[in-house]
Amino acid sequence: MKLYNLKDHNEQVSFAQAVKQGLGKQQGLFFPLELPEFALSDIDGLLEQDFVTRSSRILSAFIGDEIPEDELYQRVKNAFAFPAPVAKVEEDISCLELFHGPTLAFKDFGGRFMAQVLTQVSGDQPVTILTATSGDTGAAVAHAFHGMKNVRVVILYPRGKISPLQEKLFCTLGDNIHTIAIDGDFDQCQALVKQAFDDEELKYELKLNSANSINISRLLAQICYYFEAVAQLPQEARNQLVISVPSGNFGDLTAGLLAKSLGLPVKRFIAATNANDTVPRYLHSGEWDPKKTVATLSNAMDVSQPNNWPRVEELYRRKTWQLKDLGFASISDDTTEDAMRELADIGYISEPHAAIAYRALRDQLKPGEFGLFIGTAHPAKFKESVEAILGQELDLPKELADRADLPLLSHNLPADFSEMRAFLMALPK
């Protein structure tokens with residue numbers, strides 16, 4: 001598999017190199033040189049296979065012979081060791097629940113697959129994973145790499161801007177997992193990570209790698225659960241399928257669009273954001289005008305400069321699709337709360353991110369269409385806000401209950417690159 005740098009098309013790397021490198025020159029994202037497509041008959045056959053077998057085939061279409069098929073199958077089996085069920089919500093709407101993994105969020109799929117792949121391509125070479133999180137990535141990456149030999153993980157997150165239980169899930173592990181609470185927002189955390197990757201000495205000394213959705217291995221893994229969702233739908237639903245994706249950094253939407261590019265039958269996608277509405281405003285006006293990030297109920301989507309958007313635009317360009325066909329919505333906190341209560345009234349307990357996707361879908365779904373919205377996290381990860389909005393108590397799943405009373409092991413730093421750099425260089429080798 002060859003990938004090229006979206007900021008410098010002359011920089012072309014193998015899949016293994018892209019996984020190890022994370023970003024290209026000028027902080028450019030890697031994108032597949034070839035966009036594979038399955039024939040319609042192949043799609044039907046894929047949808048009849050089990051999750052792991054099908055996912056191995058999908059990933060193999062991108063990765064090629066860099067990882068032998070039997071080895072790739074085993075890596076996928078190790079990574080995707082939990083289900084992605086589709087839950088009926090209304091007659092014409094279901095939810096793809098991606099929160100049945102060890103950290104109760106969709107990031108478990110990408111994080112665990114990346115850990116498997118990085119082990120495959122790096123061998124015994126030491127590596128430092130440096131990543132920023134707005135909530136769920138940190139936990140998924142931390143748990144995927146926890147205790148792995150020759151891998152050190154450093155996670156930056158905005159102090160006070162993720163839920164307490166999200167924080168407990170990945171800031172209580174210790175060992176090879178280092179967490180830093182930054183005095184700033186997610187965009188500032190992400191900017192610090194990008195600065196680190198521009199620092200050649202730091203990159204060389206620490207063998208830096210990123211586990212954000214900018215890493216191609218994470219992105220490719222996310223394609224697989226879109227196929228898994230469609231495989232669970234009846235034929236009549238597949239023919240008129242609309243998928244609404246809660247969008248922050250836009251990795252999940254990018255993966256869905258890549259699934260469509262492969263041949264998955266999806267009529268259209270809806271990019272659903274909170275008040276951080278850079279993309280909806282861009283799709284409406286044609287002007288890219290990021291505002292200052294604001295804190296919302298759906299904190300994992302509090303992103304004003306989504307990293308994956310260049311990949312979305314590149315895919316539309318390559319496929320000669322029209323951006324005007326991409327649905328979009330920006331949902332306020334008040335409307336998010338209303339949507340959560342509406343869902344609870346019909347017997348489905350959800351959290352703010354999925355509720356945003358549901359509201360956008362409910363508003364835009366046409367007669368005869370079938371809607372699927374993405375459930376990215378377990379409601380209990382947002383226990384405080386969900387209980388306050390719905391007026392009912394949530395039970396804590398074991399994954400959260402086991403960590404709820406453990407002490408936080410995080411360090412606090414300002415949003416200052418020199419201080420973060422000094423922290424990184426002082427880490428034990």
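Residues numbered from 1 in each chain as written. Predicted model: local features only at pLDDT ≥ 70, side-chain atom pairs only at ≥ 80, totals over all residues. Heavy atoms only, no water.

A.B. asks: Just checking my understanding: could you explain the environment of Arg403 for this structure?
C.D. replies: As for its placement among the helices and strands, Arg403 is situated in the loop between helix H18 (398-401) and strand S14 (411-414). Taking the C-alpha atoms as reference, Arg403 lies 9.0 Å from Leu173; in sequence the two are 230 residues apart. With near-sequence residues (within four places) excluded, Arg403 lies in contact with His143, Lys168, Leu169, Thr172 and Leu173. (Helix = DSSP H or I, 4+ residues; strand = E, 2+ residues; numbered from the N terminus. Contact = heavy atoms within 4.5 Å.)

A.B. asks: Teacher, can you tell me more about the nonpolar core here?
C.D. replies: Side chains of nonpolar character tend, in soluble globular proteins, to be buried together. Phe15, Phe113, Phe145, Leu156, Ile223, Tyr226 and Phe227 are the most contacted members of the largest nonpolar core, which totals 126 residues. The element best represented in this core is helix H10 (residues 216-231), accounting for 11 residues. When residues no more than four places from it in sequence are discounted, the contact partners of Phe145 are Gly111, Met114, Ala115, Leu118, Ile129, Val151, Val153, Asn176 and Ile177. Counting 32 residues, the second-largest nonpolar core is a separate cluster that includes Phe99, Ile270, Ala339 and Phe373. (Core = buried A, V, L, I, M, F, W, Y, C linked by side-chain atoms within 4.5 Å. Buried < 20%, exposed > 50% of the residue type's maximum accessible area, 1.4 Å probe, protein only.)

A.B. asks: Explain the sheet that holds strand S8 (residues 177-183) here, please?
C.D. replies: Pairing between the strands of a sheet comes from backbone hydrogen bonds, and it takes one of two forms, parallel or antiparallel. Taken in spatial order, the 5 strands of this open sheet run S9-S6-S7-S8-S14, and their pairing is parallel. With one partner strand each, in any of the chains shown, strand S9 (208-209) and S14 form the two edges of the open sheet. Sheet analysis places strand S6 (residues 127-132) next to S9, joined by 2 bridges and oriented parallel. Bridging from a neighbouring strand, Thr128 pairs with Leu208 of S9. (Pairing = 2+ DSSP bridges.)

A.B. asks: Looking at this model, I keep getting lost on the sheet that holds strand S3 (residues 30-32). Mind explaining?
C.D. replies: Taking strand neighbours across the sheet as the criterion, the 3 strands line up as S2-S1-S3 in an open arrangement whose pairing is antiparallel. Looking at strand neighbours, the two that pair on one side only are strand S2 (8-14) and S3, the edges of this open sheet. Adjacent strand axes in the sheet meet at a mean angle of 40°, parallel and antiparallel pairs treated alike. Judged from the 4 bridges that link them, strand S1 (residues 2-5) and S2 form a sheet pairing that is antiparallel. By the bridge assignment, Asn5 is partnered in S2 with Asp8. Relative to the sheet, helix H14 (residues 309-319) contacts S1, S2 and S3, its axis offset from that of S3 by approximately 30°. (Axes fitted to C-alpha atoms, helices over the stretch in contact; angles between N-to-C directions.)

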